Amino acid sequence: MTVGINEYLYLSAVLFAIGFFGVLLRKNTLVIYMCLELMLVASTVALVAFSRFNRTMDGNVFVFFILTVAAAEVAVGLAIIVALFRRRQTIQVEELNALKN
Amino acid sequence: MSPDILFYFFAALTAGSALAVVLNKNTIASALCLLVSLVGVASIFVLLDAFLLAALMVFVYAGAVVALFLFIVMLLDTYGGDRKPFKKTTIVAASFGFALLALGLLTFVQRGGQETLATASPAELVPVGASLRAYGEQLFTTYLLPVQIVGFLLLIAMLGVIVLSKKFEGLEDVK
């Protein structure tokens, strides 16, 4: 049995679900952010697999753009986390409850 | 078949270290597991003949993003890195959400109607994404406007990061 597109898509789905699990489970903002990155990477695996098996370039080029946007997103997100820590002295989500009540 | 063994090895490596990111006690260890997982994804890209994307993945993610994460973790983490144990409700709720999403996605893949693609093996397909020339042709013809927009986006992100991390001492409303 050779590895076809379905195996790559299964891997992508499992990676995405693990990232989602981490976002639900963890309380540390930085780890939640890492899990968001994992979900983004899982979607790129599916795009590259579709591009490979359809013999088109569009998925690959799209992943190229996703990488660029992800780099910008990480920079801005981490700057926001640093600014948040500077004001509240914590990055645990259960202590960041200013909107509660 | 050696590519098959390689695929299963790298898939297990990627998924296993992704799980380790979630379950690790130490935030720094989580970041390093994320690094392993991203390198695993890069090797999956190599198996899919997307060599440029694999190299970019290692440069951008493993080089820049994980380094930035490690830097911020060491800057901010006040708990000595270790997390508190999970509450039982959180574990149950998160596992339920995980199972639901995983089931939905796997059903979507299985019933997604990929029969025409699934029969083809990668060995008999021409790898289009392997050549750098194809990327250049696409990026400078069809996707010329998105390339410029992305460049502008990077500039805006850089300015935004500078504004966010700068301290404004004379201004009251920015606090």
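Summarised in this report is the structure supplied together with it. (Residues numbered from 1 in each chain as written. Chains lettered and ligands numbered in written order. Predicted model: local features only at pLDDT ≥ 70, side-chain atom pairs only at ≥ 80, totals over all residues. Heavy atoms only, no water.)

Now for the overall build of chain A. Helix and strand content of chain A: three helices and zero strands. When its helices and strands are written in sequence order, chain A yields α-α-α. Here chain A has a C-alpha radius of gyration of 17 Å; the compact-globule value for 101 residues is 13 Å, and the former is much larger. Projected onto the principal axes, the alpha-carbon positions of chain A cover approximately 55 × 25 × 20 Å. At a minimum sequence separation of 6, the contacts of chain A that also span at least 24 residues come to 55%. Accessible surface computed for chain A: about 3,900 Å², of which carbon and sulfur atoms make up 64%. Treating the 8 positive side-chain charges of chain A as one cloud and the 6 negative ones as another, the clouds have centres 7 Å apart. (Helix = DSSP H or I, 4+ residues; strand = E, 2+ residues; numbered from the N terminus. Rg over C-alpha atoms; globule rule 2.2 N^0.38 Å. Contact = heavy atoms within 4.5 Å. Areas by Shrake-Rupley, 256 points an atom, 1.4 Å probe, with all protein chains shown as cover. Lys, Arg positive; Asp, Glu negative; His and termini not counted. Charge placed at Lys NZ, Arg CZ, Asp CG, Glu CD.)

Using the criterion set out here, one finds eight aromatic pairs over all chains in the structure. A centroid spacing of 6.2 Å and a plane angle of 85° characterise the contact between Phe64 of chain A and Phe65 of chain A, whose relative ring orientation is edge-to-face. Residue class for Phe64 of chain A comes out partly exposed when judged on its relative accessible area of 22%. Exposure remark for Phe65 of chain A: the relative accessible area of 10% places this residue in the buried category. Among the aromatic residues, those joined into a ring-pair cluster are Tyr8 and Phe53 of chain A together with Phe7 and Tyr8 of chain B. (Phe/Tyr/Trp six-rings, centres within 6.5 Å; stacked < 30°, edge-to-face > 60°. Buried < 20%, exposed > 50% of the residue type's maximum accessible area, 1.4 Å probe, protein only.)

So, on to the pattern of salt bridges. Per the counting criterion, the structure on display carries two salt bridges over all chains. Across the pair Arg52 of chain A and Asp49 of chain B runs a salt bridge, and its minimum N-O distance is 2.9 Å. Of the two residues, Arg52 of chain A is situated in helix α2 (residues 29-54) and Asp49 of chain B in the loop between α2 (27-47) and α3 (51-76); the pairing between them involves two chains. Of the two residues, Arg52 of chain A and Asp49 of chain B, neither departs from the other in class, the shared state being buried. (Salt bridge = Lys/Arg side-chain N within 4 Å of Asp/Glu carboxyl O.)

Think of interface size as the accessible area that goes away when the parts come together; that is how it is often given. Facing the 73 residues of chain A at the interface are 84 residues of chain B. Counting each side, the surface lost to burial between chain A and chain B is near 7,200 Å², with a carbon and sulfur contribution of 79%. If you look at where chain A meets chain B, you find one salt bridge. Our count for the chain A to chain B interface comes out at seven residue pairs in polar contact (both at pLDDT 80 or more). Of all the elements in the fold, those that place two or more residues in the side of chain A that touches chain B are α1 (5-25), α2 and α3 (58-88) of chain A. When residues in the side of chain A that touches chain B are grouped by element, the largest group, 24 residues, is from α3 of chain A. (Buried area = accessible area lost by both parts, 1.4 Å probe. Polar contact = N/O pair within 3.5 Å; in protein donor to acceptor, adjacent residues only side chain to side chain.)

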